[in-house]
Amino acid sequence: MDEKIDFIRKQKSIALIAHDNMKDELIEWVKKNKEILARHFLCGTGTTAGLISEGVNLPVRAFKSGPLGGDQQIGARIAEGNIDIMIFFWDPLEAQPHDPDVKALLRIAVLYDIPVANNRATADFILSSHYMDESYARKIIDYKSILEAKTKLWSILLDKIKKHMIFVKKSFKNPCIMFAYVLLCNGSFNSEVNN
């Protein structure tokens, strides 16, 4: 599988996101880790970014609220290589109206191999990692080459199907050939010959 190396810089860009029931917990976590987080660039979805800026007195670039497109904005920044870490305290006990957006955001984070914390313990582990103070070479799978190979395979398969259909169409004129061909396709002919 083809991979490319991309570097997460020493000074990280960290996305801070929380569902409504988890905002207080995220703000408390940010307060506890303010000294470390102050050395990095912070961004977040609408309300969460505002609450952190006001409550913790850290600069946080605010995107739109999650349900209003903020999740997609964060996902786009991840895909562009502009977000290195995502701290997303999501509520596992309550369905969200924008759950498909959340799932897409998590998929993009995995696709681009960035660290993701969905709870306090994982966020603590990420911040205490020695990689927080140095650059990190992450491997991103080159899905473009995989998709191109699949497209080529499908093209070959479709070409064979077209040839098969032309043969079947011509064989309708001769019932004996059609019957033999059907037996071959079903594998019945082979098993009969072997017996």
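First, a word on scope: everything that follows refers to the structure included in this document. (Residues numbered from 1 in each chain as written. Predicted model: local features only at pLDDT ≥ 70, side-chain atom pairs only at ≥ 80, totals over all residues. Heavy atoms only, no water.)

Some details on the pairing of strand β3 (residues 41-44)
The side chains of a regular strand alternate between the sheet's two faces.
So, step 1. Of the pairings in the sheet, the one linking strand β2 (residues 13-18) to β3 comprises 4 bridges and is parallel in character. By the bridge assignment, Ser13 is partnered in β3 with Phe41.
So, step 2. Strand direction decides the pairing type here: β3 and strand β4 (residues 61-62), joined by 2 bridges, are parallel. By the bridge assignment for β4, Gly44 is matched with Ala62.
So, step 3. Viewed along the sheet, the connection from β3 through helix α3 (residues 46-56) into β4 turns out right-handed. (Pairing = 2+ DSSP bridges. Helix = DSSP H or I, 4+ residues; strand = E, 2+ residues; numbered from the N terminus. Right-handed = clockwise from strand over helix to strand, strands pointing away.)

Some words on unusual backbone geometry
So, step 1. You will see that Asn57, though not glycine, has its phi angle at about 60°, which is positive.
So, step 2. Classification of Asn57 by relative accessible area gives exposed; the value is 62%.
So, step 3. At Asp113, a position not held by glycine, the phi torsion is positive, near 55°.
So, step 4. Of note, Asp113 is situated in the loop between α5 (99-111) and β6 (116-117).
So, step 5. For Asp113, a relative accessible area of 31% corresponds to the partly exposed category. (Buried < 20%, exposed > 50% of the residue type's maximum accessible area, 1.4 Å probe, protein only.)

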